[in-house]
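Observations on the three-dimensional arrangement
The chain contents come next:
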Amino acid sequence: MKTTLVRQPVFGAAPARLSIHSLRYRRVAAAWLTLSVLAAAAALSLPARAQAVTGAVEAPTDTGPLAQATPLAPAMVAPSLPTVPEPAAAQDPEVKNTQLMLYTSAHRLSAGLGDWQEVGVRGSRAIGAHVWQGEFATMRRFGESGNFIGLGDTYEFNPDWFGSLSVGAGDGASYLPRARVDGFINRKLLTDRNLIATLGAGYYSAPDGHNDRSASLGATYYFSEPWIVQGEVRFNNSRPGSVNTRQQFVAVTWGRDQQTQVTARHAWGTEGYQSIGAGASLVNFKSKQTSLNVRHWLGADWGISGGVEQYSNPYYNRKGATLALFWELP
């Protein structure tokens with residue numbers, strides 16, 4: 001394992017590597033164009049309303065926006081179950097097609113890197129075979145304030161296939177993306193369609209000039225209620241330096257929709273680049289993260305959720321908590 005601390009001037013020539021005249025870049029662009037046609041929409045890589053293939057289920061995914069490109073970088077995503085739109089349900093006036101969530105989080109970091117604070121809002125709306133989503137968050141990390149916005153959609157092609165493609169951007173804060181795109185194609189398997197296989201790809205451009213390209217493979221298995229198990233492995237290439245890394249996570253959800261759901265998640269692996277403010281980044285290092293999230297309904301259409309998480313790498317440790325209110329509306 002190679003661990004290096006580099007300063008932002010190292011990235012000065014990085015944007016030239018993104019030239020459209022680069023053969024490798026053209027191949028990546030062509031792959032994304034193909035995926036865009038398949039997905040036919042944009043979907044943010046953030047928690048969304050998840051429908052189990054055998055019944056409604058929603059994972060308590062209440063951490064902050066995807067500030068970094070890998071699933072091991074702050075803020076870590078809690079497990080986000082594959083979103084399965086239900087076209088017929090959108091025509092039923094009794095179905096809750098709109099979701100809204102307000103959340104706040106706070107984290108304490110070691111090594112004198114400063115505490116984190118974050119406030120955000122997320123929403124989704126099911127319309128036919130689509131689930132449209134959006135998010136806005138404002139935060140302070142590594143002594144720097146930033147804002148993140150994302151929009152998206154998940155689309156069901158037929159009873160066996162559904163896909164999504166994400167777009168999002170920060171306002172220039174070093175730890176937020178200048179631009180990021182994440183896409184996924186999902187296939188339901190087995191007689192009861194209770195196994196979902198997922199293939200994903202992503203692109204992340206950072207304000208300091210580095211960029212990431214990733215590919216992921218995952219699966220989600222819906223047991224008879226109340227258990228759901230999910231896992232994913234992601235391969236990432238960061239530039240400059242062509243740093244190749246791999247991350248993975250496993251997650252288990254227990255509970256039932258409209259009652260209480262508990263999700264435990266553990267992620268581990270290596271990261272390529274991670275901005276830590278003050279013009280510095282960490283490069284090619286190991287890290288791990290563990291989280292526990294609880295979602296509880298207090299009424300027919302609203303409730304609270306909260307979670308705790310711990311993240312560590314060779315340079316610092318991070319511990320934090322998230323608290324949220326959510327509503328489900330017609």
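First, a word on what this report is: a plain description of the structure on this page. Per chain, the residues get numbers from 1 upward, laid out in the order the sequence is written. Residues qualify for local features only when their pLDDT is at least 70, as the model is predicted, and side-chain atom pairs are given and counted only at 80 or more; totals for whole chains, interfaces and linings, by contrast, use all residues. Each side-chain value is derived from all of the structure's non-hydrogen atoms; neither hydrogens nor water enter the calculation.

Some points on the overall build of the protein chain
Note the threshold: Strands are runs of DSSP state E lasting at least 2 residues, helices are runs of H or I lasting at least 4, and numbering of each runs from the N terminus. To sort residues, take the accessible area from a 1.4 Å probe on protein chains only and compare it with the maximum for the residue type: under 20% means buried, over 50% means exposed, and anything in between is partly exposed. Note on contacts: a residue pair is in contact if any heavy atoms of the two residues lie within 4.5 Å.
Counting its regular elements, the protein chain contains 1 helix and 17 strands. Per-residue burial for the protein chain yields a buried fraction of 53% across its 330 residues. Of the contacts formed within the protein chain by residues at least 6 apart in sequence, a portion of 59% connects residues at least 24 apart.

Description of unusual backbone geometry
Of note, the amide linkage connecting Glu225 to Pro226 takes the cis form, showing an omega dihedral of 20 degrees. Along the chain, Pro226 falls in the loop between β11 (211-222) and β12 (227-239). Residues Arg239 and Pro240 are joined by a peptide bond in cis, for which omega reads 10 degrees. Of note, Pro240 is situated in the loop between β12 and β13 (243-255).

Brief notes about the nonpolar core
We apply this condition: By nonpolar core is meant a set of buried Ala, Val, Leu, Ile, Met, Phe, Trp, Tyr and Cys residues that side-chain atoms within 4.5 Å join together.
Met139, Phe142, Tyr175, Leu176, Ile276 and Tyr316 are the most contacted members of the largest nonpolar core, which has 20 residues in total. Counting only elements with at least two residues in this core, the list comes to β4 (98-109), β6 (130-141), β15 (280-297) and β17 (317-329). Ranked by residues supplied to this core, first place goes to β15 with 4 residues.

Some details on the packing of aromatic side chains
The condition that has to hold: Centres within 6.5 Å make a pair out of two Phe, Tyr or Trp rings, where for Trp the six-membered ring is used; the pair is then stacked when the planes are under 30 degrees apart, edge-to-face when over 60, and tilted otherwise. A ring is considered to have a charge above it if a Lys NZ or an Arg CZ atom is located within 6 Å of its centre and within 35 degrees of its normal.
Applying the stated criterion across every chain yields a total of 7 aromatic pairs. Between Trp297 and Phe326, the aromatic rings sit 5.2 Å apart at their centres with planes inclined by 75 degrees, giving edge-to-face as the arrangement. Here Phe326 lies in strand β17 and Trp297 lies in strand β15, a separation of 29 residues in the sequence. Exposure class is identical for Trp297 and Phe326. Each is buried. With a centroid separation of 5.7 Å and 40 degrees between ring planes, the pair formed by Tyr311 and Tyr316 is classed as tilted. Taking relative accessible area as the criterion, Tyr311 reaches 0% and is therefore assigned buried. Members of the aromatic cluster, joined through ring pairs, are Trp116, Phe142, Tyr311 and Tyr316. Of note, Arg265 hangs over the ring of Phe249, and the distance from its end group to the ring centre comes to 4.2 Å. Of note, Arg295 hangs over the ring of Phe326, and the distance from its end group to the ring centre comes to 3.6 Å.

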